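# Remarks on the overall topology
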Amino acid sequence: MGVAAQSIAEPMAKIGRFFQRPDYFFALRFWLATLLAWAAAFSLQLDKPYWAIMTVAVVSYPSQGMLIAKFIARLAGTVVGILMVTWLAGISLNAPWLMSLYLALWLSLCTYIAGRYSGMVTYGCALCGYTSAIVGFGISVSPTPYTLFFISQARLSEIALGLAAALLVTFALPSRLDNRLFLQAAQGNSHRMRDLFQSCLHRYVPERALFQRWYELSTGLMNAELLAANDSLSAAADSTLRRRQSRLTRRQLSSASGLLSLHSMSALLLHDSGADAGDYLNEVEKWLGPRPFPPDTAPPWPPDGLMAHRAGQHFCLTLRSCLDDAGAQAAGPAESRTGQVFAGARVFRDSHEMLLNAVRTFCSVLAGVFFWLGNNWDMGYILTVLIGISCALGAHYPAVSKLVLVVLAAVVLAVPVAYVLLFYAFISTAELLPAMLAMTPVLLLAGAGKSLSPVAFIFFHVFMLGVIFLINFANPMDYDFSRFANMAVAAVFSVLIVAVVFYFIPQSADRVKLVRMTRAISDRFTGDMAREARHGPFEDYVYSALFLTRVMPRSPEKQRFVQFCCVILAMSRIRSRAGRRSPAEPFFPAAFIDALMQGNYALCLALTETYLAKGDDSDWGYWWETGTVLRYLSGKLSGNLSGNLHGNMHGNLHGHAAGGERGG
């Protein structure tokens, strides 16, 4: 009896947990906003109410901050896109092939520019492109200035109506999801930071485990930065708590850069200083303990035996610096962190992949134009519009092959659902209220599904857009089956054409992307060495590149790249701290930097020993710290690292093997 009850209880518990996952409050907001836009558009006798309803579906996110960001970007992108297509129509309105060529070039340019930025700018540029496609290809049915004006004003007014409906509902029913997610992420990062600190105080830590924990902490902190940006736009945000926690997150990013140095120095001190270092590290580990991180009390005072020599003094100062960065203290004037992490020159951008995205968009749109005009398909312009939308929004997803399958499945499901709603539910009534009631289950299901997971969000997002597009809410409603069939065929073929283009012009392999990232970071590091010692912008640049790898599966190349980033950040942090003491000249000489970029740790160690032998008290500790990191990398310190950390990757970059001895 007990076994039978347990066998029933376990599946029921899983079902219960599944139904706890969806955000039903978001589903309610999405449903209300859609019905409000629908009712307002029909009450105002607008010609294309489905644009207002589609706008609500597009900008509705479980995150209230993302909705507000999309609101701003969609409005600006729509205005710019309409202005651009008006200018293009002035020079090619009666030449469909020329007009299509101009639109394809404009869409490609928008796709390229969208890849150079992030957040609202990316979405705004995508909107510029596909708004021009919607209006530009839409006027092909009747290429006159009046048609251009009619479609442009209809799209602008109805999108504004949809945005107003979504914004009104989200402020009337505010959500604290953004704030809750940010605080949860910040708490998880504090636990990871404490665990990594404790790992760094041990002498023997498996190489893979150490760098994997560092990678999880770094990407978690970057994710918290994105959540903080969303929370800052949320209507229900606790701004004081968010700002304090966001400053802590930025400081913890700086602290994470020095943890490799901390581990290598502690391992060497345990080897050389014996009991004094061991007792002190044990006290620090107990102080970190299971309590919340960072602890409220001051760290233990180091013993006199450890502080009696320069190495012990420098280690204690570095440990205190990392702990201060990980805590809530204000940033010092020399390392003040201003600006967003994902902004401007602080962000890594893969120019090669952005150019490929632009080429794919151009080829996809032209393929749709040939299919449309070459077959004299009256409604073929819908195909090119959908291709433009797919490329503008989907080109920047990292795993396009998987995305295409998800989108295709959503579109295929949307066709029968839209058919049943249009030709069975809506056609049987002339009243708005019964039609809304028939649409309610679909809206609530899609709203709940969008909050399940990232993949579920894409599926239900595309599904809902497909249903709205195929029903084509008009005033009055149109029940023409031939039009419905043409739109369904265009929706399916648009996905297939984009899939074919991405098959022949595929995305770069992860290994190739990692090589480009390594080259860009190396060039940035080498260039920064000749400038003022400012670690913050370079640190943000490396972390932004590292954050892009979170969607890549585990591989030896990814592991080497993670280790490379950890090493390069440790060296940059050493250089920055040393540069504050003597900013007149670069801390690392050019020969040292060249050897480091080639993975020639033997030469780096030889140069380090030379500077240590000079006995300059002001720089001795930083050169000693550099030496411990290099010994750890070459396997001469703890015996648990496999030697050359990124030599294979740099061998591909520079075309030659690094000289000198390398640890094996």
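A brief structural summary. All of these numbers come straight from a predicted model, not from anything done at the bench. (Residues numbered from 1 in each chain as written. Predicted model: local features only at pLDDT ≥ 70, side-chain atom pairs only at ≥ 80, totals over all residues. Heavy atoms only, no water.)

## Re the overall build of the chain
Cut-off, in case you're wondering: Helix numbers and strand numbers start at the N terminus; a helix is a DSSP run of H or I with at least 4 residues, a strand a run of E with at least 2. To sort residues, take the accessible area from a 1.4 Å probe on protein chains only and compare it with the maximum for the residue type: under 20% means buried, over 50% means exposed, and anything in between is partly exposed. The contact criterion used throughout is that any non-hydrogen atoms of two residues lie within 4.5 Å.
Looking only at helices and strands, one finds 27 helices and zero strands in the chain. Across the 664 residues in the chain, those meeting the buried criterion constitute 55%. Considering only residue pairs separated by 6 or more positions, the chain has 80% of its internal contacts joining residues 24 or more positions apart.

## Structural notes on the pattern of salt bridges
For clarity, the cut-off: Salt bridges are defined as contacts in which a side-chain nitrogen from Lys or Arg sits within 4 Å of a carboxyl oxygen from Asp or Glu.
By the definition in use, this model includes six salt bridges. Note that Glu353 and Arg516 form a salt bridge whose closest N and O atoms lie 3.1 Å from each other. Placement of Glu353 in helix α15 (residues 351-374) and of Arg516 in helix α21 (residues 510-528) is noted, with a sequence separation of 163 residues between them. The two residues Glu353 and Arg516 agree in class, both being buried. In this structure, Glu625 and Arg577 form a salt bridge, with 3.2 Å as the shortest nitrogen-oxygen distance.

## A closer look at a negative patch on the surface
Put simply, the rule is: Exposure above 30% relative accessible area and the lack of any salt bridge qualify a residue for a patch; like charges then connect within 9 Å, and the nonpolar side chains Val, Leu, Ile, Met, Phe, Trp and Tyr within 5 Å. Where accessible areas are quoted, they stem from the Shrake-Rupley method and a 1.4 Å probe; at the residue level, only the protein chains shown are allowed to cover. Just so you know, the count uses Lys and Arg for positive and Asp and Glu for negative, and it drops His and the chain ends. Where a charge sits is defined by one atom per residue type, namely NZ (Lys), CZ (Arg), CG (Asp) or CD (Glu).
On the surface, Asp276, Asp279, Glu283 and Asp304 cluster together to form a negatively charged patch. With three residues, the single largest contributor to the negative patch is helix α12 (residues 275-288). Its location among the elements puts Asp279 in helix α12.

## Comments concerning the packing of helix α2 (residues 24-43) against helix α3 (residues 49-59)
Inclusion rule: Note on geometry: axes are lines fitted to C-alpha atoms, helical ones only across the stretch in contact, with angles between N-to-C directions running from 0 to 180 degrees. Here is the rule for angles: anything less than 35 degrees is roughly parallel, anything more than 145 is roughly antiparallel, 65 through 115 is roughly perpendicular, and the remaining ranges are oblique. Definitions for this section: a left-handed crossing has its near helix turned counterclockwise from the far helix by less than a right angle. A right-handed crossing has that turn clockwise. Under the scheme applied, nonpolar residues are Ala, Val, Leu, Ile, Met, Phe, Trp, Tyr, Cys and Pro; charged residues are Asp, Glu, Lys and Arg; polar residues are all the others, including Gly.
Running from N to C, α2 and α3 cross one another at 165 degrees; their axes reach a closest spacing of 9 Å. Judged by the angle between their axes, α2 and α3 are roughly antiparallel. Two packed elements cross with a definite hand, and for α2 against α3 that hand is right-handed. Together, Phe30, Ala33, Thr34, Ala37, Trp38, Ala41 and Phe42 of α2 and Pro49, Ala52, Ile53, Val56 and Ala57 of α3 make up the contact between the two elements. Classifying every residue of the contact of α2 with α3 by side-chain character gives eleven nonpolar, one polar and no charged.

## Some points on the packing of aromatic side chains
Rule in force here: Here a pair means two rings of Phe, Tyr or Trp (six-membered ring of Trp) with centres within 6.5 Å. Their orientation is stacked below 30 degrees between planes, edge-to-face above 60, and tilted elsewhere. Here, a charge over a ring is recorded when the distance from Lys NZ or Arg CZ to the ring centre is within 6 Å and its angle to the ring normal is within 35 degrees.
Tallying each qualifying case throughout the model produces 28 aromatic pairs. Here the aromatic rings of Trp620 and Trp624 are separated by 6.2 Å at their centres, their planes lie at 5 degrees, and the arrangement is stacked. Note that Trp620 and Trp624 are positioned in helix α26 (residues 617-633) at a spacing of four residues, about one turn of the helix. When sorted by exposure, Trp620 lands in the same class as Trp624, which is buried. Pairwise contacts between aromatic rings join Tyr419, Phe423, Tyr424, Phe481 and Phe484 into one cluster. The aromatic ring of Trp51 is capped on one face by Arg155, whose charged end is 5.4 Å from the ring centroid. When the ring centre of Phe547 is taken as origin, the NZ or CZ atom of Arg550, which lies over that ring, is 3.9 Å away.

## What to know about unusual backbone geometry
For residues that are not glycine, phi is negative in most cases, and the peptide bond is trans in most cases. The phi dihedral of Gln45 is positive, around 60 degrees, even though this residue is not glycine. Note that Gln45 resides in the loop between α2 and α3.

## Some details on the nonpolar core
Among soluble globular proteins, nonpolar side chains are generally buried collectively. This is how it is decided: In this text, buried Ala, Val, Leu, Ile, Met, Phe, Trp, Tyr and Cys residues form a nonpolar core when linked through side-chain atoms within 4.5 Å.
If you look at the biggest cluster of nonpolar residues, it comprises 103 residues, and the most contacted ones within it are Trp38, Met439 and Met464. No other element matches helix α17 (residues 400-426), which puts 14 residues into this core. The next biggest cluster of nonpolar side chains, apart from the first, holds 82 residues, and it includes Cys200, Phe315, Phe525 and Tyr543.

## Looking at the environment of Ala172
Inspection of the secondary structure assignment puts Ala172 in helix α7 (residues 145-172). Measuring from C-alpha to C-alpha, the distance between Ala172 and Arg29 comes to 9.3 Å, with 143 residues separating the pair along the chain.

## Side note on a nonpolar patch on the surface
A cluster of nonpolar side chains, namely Leu75, Val79, Leu83 and Leu156, defines an oily patch on the protein surface of about 310 Å² accessible area. Its place among the elements puts Leu156 in helix α7.

## Topic: helix α6 (residues 120-138)
Heads up, the rule is: What a helix is expected to span follows from its residue count: subtract one and scale by 1.5 Å.
Along its 19 residues, α6 runs 26 Å from first to last C-alpha, staying within 8% of the 27 Å computed at 1.5 Å per residue. Burial analysis of α6 places 17 of its 19 residues in the buried class, the great majority of the element.

## Quick notes on the environment of Leu607
Here Leu607 lies in helix α25 (residues 601-613). Ignoring anything within four residues of it in the chain, the contact list for Leu607 reads Ala591 and Phe592.

## Thoughts on the environment of Val347
If you trace the backbone, Val347 turns up in the loop between α14 (310-326) and α15. Of the residues examined, Val347 reaches a relative accessible area of 8% and is grouped as buried.

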